[in-house]
Every structure is written in structure tokens, then in C-alpha cells.
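Report on the structure
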Amino acid sequence: MNPQIQTIDFNERPFLAIWEVTQACDLACVHCRAAAQPLRHPMELTTDEGKNLIDQIAAMKAPVFVLTGGDPIKRPDLFELIGHARKVGVRVSLTPSATPLLTREIVFRLKEAGLARLAVSLDGASAQTHDTFRGMAGSFERTLNAISWAYEAGLPVQINTTFSRRNIAEMDEIAELVESLRITLWSVFFLVPTGRGKLDDLLSADEFEQVFARIYRLSKTANFDIKTTEAQHYRRYMLQQRVAERKAGVVADSGPEKMADSIGRAPRGLNDGKGFLFISHTGEVFPSGFLPLTAGNIRRQPLASIYRDSPLFRSLRDAAQLEGKCGHCEFKGICGGSRARAYALTGDPMAEEPCCSYIPKGYVMPPPAVRTATTLHILQGA
């Protein structure tokens, strides 16, 4: 771990910046936050605008930069953009879609262009579950092929898995499959009901804890790192487990050596707008891809000024503005709850995390009638 990563001032620069280079994609994933479509948007950032954005990322010294979509392979200038990023010292991770466009030749070209990590999605332990999730037959096989090609090319691999009502029954089988593959990082996503993501697919707070328990156990034995996305309260779960283990006299074990690559590991406290920013295909800047509140556009303002000075980003970095039990929680500094999920379910990005079962010490729960009123705002179709 680069020690500089642990000292990043989230008020000054993000740890993770994501650019949605296009919304064009041939998949129709049931949980897609972008509701991607086959054709590219005419107002996408141009190649020159993209290079300028990469220059701004370099100037901000963001340790991790991700090109996502849609399907980034839909952009013919993708290799040029990756090459420019390498030239200016920005390490790039890419999240392509597992379609016929993702070939062995493409994987090797990505490596040659300077890609630092390939991130592919695996949302089922079987082709039936995964392909249904992704809306295209053959996606499961292409994902496994891409992992194999990346290993052959010497390109580190990250697997992204989104857990929801549709695949929670295969949680153990998915974990076993991930464990059998040669990867650097397993990024476990938790559904936010926005875009195509449906409220009915959202896991309950207790089910979140069940997934936490499974990935925490795996983290002790796996030779890859595990991180969560839109489940900030996993950090609270980990600390609770470690405290319980110390009290029980369990000796901490670092586990097996993790597979390394040039991408750093995120420090604690990362959250939507707090060490994290998202640039859309048209240049709009959001706290994350799951929190559809814009703070500005890079076609009109420098990225650094949007991140540092916009009222939206500043409020999201202020833990004192958190409401409900999140505002009273002793873990709010390292967790803070998913601001995206809070917004999706309440319309308030500072509301309490709807899928956390933990009750802070000394916190008195409000009457049920009051709490029910906060769960009526759903961004379906927004």
C-alpha cells in the first residue's frame, strides 16, 4: 500500500474518479444505473475533451481512474485515451461489457495501450443466472474468457458482483467461483434502486449483514482483496468483528499474500462525493454514478473546483449534516452510509442508510409511522 494513499485529504482531491465514456452498450442489465442503450450519444465528450479531462485527473493526483460505460469498447478512441493517460501518469482501470466486442485481441491491445487493470462483471455462479442478469446469452462464458485472456496478457483482473434479490441465493456459489479465479480484487456491489435497478430487488438490512459475514470470512483466506461498493457499513461490520475477535483472544492473521497490481487500495471513509467523483458521458459531474445529483459540468468549470467547492460535494463530506441514526452513529466518520441509496429511497442524500440494521449507542428510534414516511421516494424511471 502506498502510504500517501492513506493521507489523502478528501476535501482536496478524490481517491477514485470514474468517467462514463459512453452510455452505449449491447447488454440490457437488470440493475444498470445508466439504463444503457445501443447507440452512442451525440453529445459525448470528444477525444480532445476526454484528454483534457485526463489531464485534470492527473493534476488532481487521483490514485485511481476508471473508464466505464455503457461499454467503453464502443468508443473507437478508447486506446488513444488510455495511451494518453499512461503518458501523463494516470493509472487506468476499465470496465468493458462481456459482449462479442470483448475479444482476446482487444484484451491484448488494452494491455499494450497501458491499461493497469481490467474489471469484469460476474453476477451469477451459472450461465443461466448471470446471462439473465446481463440480458445477453453467452455473457457468462465471455466473462470467464476475458479473465483467462487478461491473465495470459499479464493484465490484473478485478471482478465486480452486484448482489440483489435475483442472485442472493447463489452467494456462496458465486464466492466459490470468484475464489477459484486468478484475480486481484473482488468488488462487491450492493444494489441502488436507480436506472433499471428495481426496489423489489433490494436486499434487506439483515441480508446485507449475511453478505458481509460471507465476504469477511473469505477475506481472511483469499489471495485477493475484497472491497464493497455502496455498502459503506461493511467497514462498521469489519471493525465490530475485529473487536469481538480481540476480546475473544483470537490472534489477528494477515492471511495469504494478496495479488498486487499498480492500483492502490482505498482508505477508510470513502463515500459518494467524499473521495469519489463521477463524470458522465456528457461531462456532468456527480458524487457517484448511483447518486444522480449534478454539481456542474467540466465543459463549463474545472473539475477540481467542482469537486472542492460545489455545495453538493461539500455537504456530502460534512458528517455533521448526516440525519437519522447515521448522524448519531459512532462509525459515521469511517462509514456514513450510502448517500446514493438514501437519496433513492427518501429524496434526501443526507438521510440515514436504509439498509443498515445497526442501532447506534444511545440512539432512540423514532416511532414507526415517522420512519415509514421516509421510504416513499423512489427514483424509478427518473
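Our subject is the structure listed above.
A few points on the structure.

Rules used throughout
Residues numbered from 1 in each chain as written. Predicted model: local features only at pLDDT ≥ 70, side-chain atom pairs only at ≥ 80, totals over all residues. Heavy atoms only, no water. Helix = DSSP H or I, 4+ residues; strand = E, 2+ residues; numbered from the N terminus. Buried < 20%, exposed > 50% of the residue type's maximum accessible area, 1.4 Å probe, protein only. Expected span 1.5 Å × (residues − 1). Contact = heavy atoms within 4.5 Å. Disulfide = S-S within 2.5 Å. Pairing = 2+ DSSP bridges.

**Let's talk about the environment of G70**
Summarising the element assignment, G70 is placed in the loop between β2 (64-68) and α2 (78-87). On the accessibility criterion, G70 (13% relative accessible area) is buried. Sequence separation of G70 and E20 is 50 residues, and the distance between their C-alpha atoms is 7.2 Å.

**A few points about helix α5 (residues 139-153)**
Taking 1.5 Å of rise per residue, the 15 residues of α5 would be expected to cover 21 Å, and the 21 Å separating its terminal C-alpha atoms lies within 8% of that figure. Along α5, the positions that sit buried rather than exposed are S139, F140, T143, A146, I147, W149, A150 and A153. Packing partners of the buried residues in α5 comprise α3 (104-113), β4 (117-121), α4 (127-134), β5 (157-163) and α6 (171-179). A positive phi of about 75 degrees marks G154, the residue just after α5.

**Focus: the state of the cysteines**
One pass over the full model with this rule turns up 0 disulfides. For C329, which is in no disulfide, the shortest distance to another cysteine sulfur is to C335 and amounts to 6.5 Å. For C329, a relative accessible area of 14% corresponds to the buried category. You can see C335 has no disulfide; the closest cysteine sulfur is in C326, sitting 6.3 Å from it. On the accessibility criterion, C335 (10% relative accessible area) is buried.

**Considering the pairing of strand β8 (residues 276-279)**
On β8, burial covers both faces: F276 and F278 on one face and L277 and I279 on the other are all buried. Pairing of strand β1 (residues 16-20) with β8, which is carried by 4 bridges, proceeds in the parallel orientation. Opposite L16, over in β8, you have F276 as the bridge partner. Of the pairings in the sheet, the one linking β8 to strand β9 (residues 284-286) comprises 2 bridges and is antiparallel in character.

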